[in-house]
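Spelled out from the first residue to the last, the chains are:
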Amino acid sequence: LTAETKPKETFLSPSHSALTDGKLPAGDLALTWENETLYIYDGSQIVETPATEEILKQLSEREFIAHDGKNLIRELEHRGYGNKCRFDTMLALYVLNPSRASKSPQEIMERELGVSVSAEDVPALLPRLKDKLTAELKENGAEFLYYEIELPLCTVLARMEDLGFRADKDFFDR
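Residues numbered from 1 in each chain as written. Predicted model: local features only at pLDDT ≥ 70, side-chain atom pairs only at ≥ 80, totals over all residues. Heavy atoms only, no water.

### Points about the overall build of the protein chain
Argument step 1. The number of helices and strands found in the protein chain is seven helices and six strands.
Argument step 2. Taken from N to C terminus, the helices and strands of the protein chain fall in the order β-β-β-β-α-β-α-β-α-α-α-α-α.
Argument step 3. Seen along its three principal axes, the alpha-carbon backbone of the protein chain occupies a region of about 60 × 45 × 25 Å.
Argument step 4. Long-range pairs, those at least 24 residues apart, make up 56% of the contacts in the protein chain with a sequence separation of at least 6.
Argument step 5. Surface accessibility of the protein chain: about 10,200 Å² in total, with carbon and sulfur atoms responsible for 51%.
Argument step 6. Where the 21 positive side-chain charges of the protein chain centre and where its 32 negative ones centre are 3 Å apart. (Helix = DSSP H or I, 4+ residues; strand = E, 2+ residues; numbered from the N terminus. Contact = heavy atoms within 4.5 Å. Areas by Shrake-Rupley, 256 points an atom, 1.4 Å probe, with all protein chains shown as cover. Lys, Arg positive; Asp, Glu negative; His and termini not counted. Charge placed at Lys NZ, Arg CZ, Asp CG, Glu CD.)

Here is the structure:
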């Protein structure tokens, strides 16, 4: 069966809740960040929370996987927090195929995992996508490129986007 004819998997959406106690859930975290809102999957449920100062501080102290984590990394770095993003699925997809057009997270889940999913449910599939991409990085000999160059570079680029960089205006005016 080709990807186009392969039957789609039925995805059972995990329960959703709002963060009520101001503390991130225990366990491994997989997340997306959209419009100042974090959607965090902890292995059993998706918690939705505004990206408040306290939540971002807690997040900076925890390892997490993300999809398109650079904007979140930029926000953490801007506030003076470090980040412990240990895997970014969008970045891994780029390393594996830089010419592939970037799609929405939902389209990526459908293409890569054969699962139709809502935007709010994407974090629940990130661990599975991470496992698939980790295997592909290894199979393609791209682990060093991803873990030693691209993932650390993501933090550098996030800082540059936040702080900018100096340019010699006179040089460019010539």
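### What about the packing of aromatic side chains?
Argument step 1. Counted under the stated rule, the structure contains four aromatic pairs.
Argument step 2. For the pair Phe171 and Phe172, a centre-to-centre distance of 5.2 Å together with 85° between the ring planes defines the contact as edge-to-face.
Argument step 3. Through successive ring pairs, a cluster of aromatic residues spans Phe87, Tyr146 and Tyr147.
Argument step 4. Seen from the ring of Phe87, Lys130 lies directly overhead, with NZ or CZ sitting 5.6 Å from the centre. (Phe/Tyr/Trp six-rings, centres within 6.5 Å; stacked < 30°, edge-to-face > 60°. Lys NZ or Arg CZ within 6 Å of the ring centre and 35° of its normal.)

### Some thoughts on the confidence of the model for the protein chain
Argument step 1. Chain-level statistics for the protein chain give a pLDDT mean of 88 and a share of 94% at 70 or above.
Argument step 2. Mean pLDDT across the secondary structure elements of the protein chain bottoms out at strand β1 (residues 15-18), with 84, and peaks at helix α5 (residues 122-139), with 96. (pLDDT = per-residue confidence, 0-100.)

### A look at the pattern of salt bridges
Argument step 1. According to the stated counting rule, one finds twelve salt bridges in the structure shown.
Argument step 2. A salt bridge links Glu53 to Arg79; the nearest nitrogen and oxygen atoms lie 2.2 Å apart. On the criterion of sequence distance, the pair formed by Glu53 in helix α1 (residues 53-60) and Arg79 in the loop between α2 (70-78) and β6 (85-88) is long-range, its members being 26 residues apart.
Argument step 3. Between Lys57 and Glu61 there is a salt bridge, with its nearest N and O atoms 3.8 Å apart.
Argument step 4. Each of Arg100, Arg111, Glu112, Lys132 and Glu136 takes part in salt bridges that share partners, so that together they form one network. (Salt bridge = Lys/Arg side-chain N within 4 Å of Asp/Glu carboxyl O.)

### Regarding α5
One full turn of an α-helix is made of 3.6 residues, so residues set three or four places apart face in the same direction.
Argument step 1. Between the first and last C-alpha of α5 there are 25 Å, a value that for 18 residues agrees with the 26 Å anticipated at 1.5 Å per step.
Argument step 2. Every buried residue of α5 is accounted for by Val122, Pro123, Ala124, Leu125, Leu126, Leu129, Lys130, Leu133 and Leu137.
Argument step 3. Just beyond α5, the residue with positive phi is Gly141, at close to 65°. (Expected span 1.5 Å × (residues − 1). Buried < 20%, exposed > 50% of the residue type's maximum accessible area, 1.4 Å probe, protein only.)

### Re the sheet that holds strand β4 (residues 45-50)
Argument step 1. Here we have six strands laid out as an open sheet, ordered β1-β4-β3-β2-β5-β6, and mixed in their pairing. Edge positions in the sheet fall to β1 and β6, since each of these pairs with one other strand and no more. Across this sheet, the average inter-strand angle for adjacent strands is 25°, counted without regard to direction.
Argument step 2. Bridge count between strand β3 (residues 37-41) and β4: five bridges; the pairing is antiparallel. The partner of Thr37 across the bridge, within β4, is Pro50.
Argument step 3. Packing against the sheet, α2 makes contact with β2 (29-34), β3, β5 (64-66) and β6, and its axis sits at approximately 90° to β2. (Pairing = 2+ DSSP bridges. Axes fitted to C-alpha atoms, helices over the stretch in contact; angles between N-to-C directions.)

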